[in-house]
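# Per-entry structural report
Next come the chains, spelled out residue by residue.
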Amino acid sequence: QVQLVESGGGLAQAGGSLRLTCVASGFTFTYYGMGWFRQAPGQEREFVAGINWNGESTYYPDPVKGRFTISRDNPANSLYLQIDNLKPEDSAVYYCVARYHTTAQTMSVAMAGRNSYWGQGTQVTVSS
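Considering the arrangement of structural elements, one finds arginine 99 in strand β9 (residues 92–100). No salt bridge is formed by the buried arginine 99; its nearest oppositely charged neighbour, glutamate 6, is found at 16 Å. With near-sequence residues (within four places) excluded, arginine 99 lies in contact with Tyr32, Gly33, Thr106, Met107, Ala110, Gly113, Arg114, Asn115 and Ser116.

Here asparagine 74 lies in the loop between β7 (68–73) and β8 (78–83). Among the polar contacts made by the side chain of asparagine 74, one reaches the main-chain carbonyl oxygen of tryptophan 53 at a distance of 3.1 Å. Engagement of the side chain of asparagine 74 in a polar contact is seen with the side chain of arginine 72, the distance being 2.8 Å. Among residues more than four places away in sequence, those in contact with asparagine 74 are Phe29, Thr30, Trp53 and Asn54.

The strand order across the open sheet built from 4 strands is β1-β3-β8-β7, with neighbouring strands paired in antiparallel fashion. Whereas interior strands pair on both sides, the edge strands pair on one side only; in this sheet they are β1 (3–7) and β7. Across the sheet, the axes of successive neighbouring strands diverge by a mean angle of 15°, strand direction being ignored. The sheet contact formed by β7 and β8 spans 6 bridges and is antiparallel. Across the sheet, residue arginine 72 finds its bridge partner in β8, namely leucine 79.

With that settled, the discussion passes to the state of the cysteines. Per the stated rule, a full pass over the model turns up 1 disulfide. Bridging cysteine 22 to cysteine 96, the disulfide has an S-S length of 2.0 Å. Across the S-S bond of cysteine 22 and cysteine 96 the torsion is about 50°, and the bridge reads as right-handed. On the criterion of sequence distance, the pair formed by cysteine 22 in strand β3 (residues 18–25) and cysteine 96 in strand β9 is long-range, its members being 74 residues apart. Each member of the pair, cysteine 22 as well as cysteine 96, carries the same accessibility label: buried.

In terms of nonpolar packing, the biggest core is built from 29 residues, with Trp36, Leu81 and Tyr94 touching the most fellow members. Listed by contribution, the elements that provide at least two residues to this core are β3, β4 (32–39), β5 (46–51), β7, β8, β9 and β11 (122–127). Sequence-distant contacts of tyrosine 94, that is, excluding residues within four places in its chain, are made with Glu6, Leu20, Trp36, Phe37, Arg38, Phe68, Leu81, Ile83, Gly121, Thr122 and Val124.

Basis of the calculations
Residues numbered from 1 in each chain as written. Predicted model: local features only at pLDDT ≥ 70, side-chain atom pairs only at ≥ 80, totals over all residues. Heavy atoms only, no water. Helix = DSSP H or I, 4+ residues; strand = E, 2+ residues; numbered from the N terminus. Buried < 20%, exposed > 50% of the residue type's maximum accessible area, 1.4 Å probe, protein only. Lys, Arg positive; Asp, Glu negative; His and termini not counted. Salt bridge = Lys/Arg side-chain N within 4 Å of Asp/Glu carboxyl O. Contact = heavy atoms within 4.5 Å. Polar contact = N/O pair within 3.5 Å; in protein donor to acceptor, adjacent residues only side chain to side chain. Pairing = 2+ DSSP bridges. Axes fitted to C-alpha atoms, helices over the stretch in contact; angles between N-to-C directions. Disulfide = S-S within 2.5 Å. Core = buried A, V, L, I, M, F, W, Y, C linked by side-chain atoms within 4.5 Å.

What follows is the structure in structure tokens.
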């Protein structure tokens, strides 16, 4: 059974940092591009980071560029998202996603496209 389990969310102050983790199982991790999306109440799910199969390419949209860092540890079947200089607008449920043979940039279409596996999410709340 395919599973993606996120952890590491919680309450943090603006300007602080969090490190989110996604542990994958039930599929060949290295065959998949990985990514992170977030969703705030009443808003659409938003792409925030993508990474290719071996971690050598990453992609970020402008709102998070310079503050978010995506990485992966393939032997551990794990994906990470380091968030620095947290802002209140970062508050959301953060989801990891896996998509077969997908580049870092193309992970941005994982929500609209097919062949994606999703975790259940971890809550990030940033206070001002």
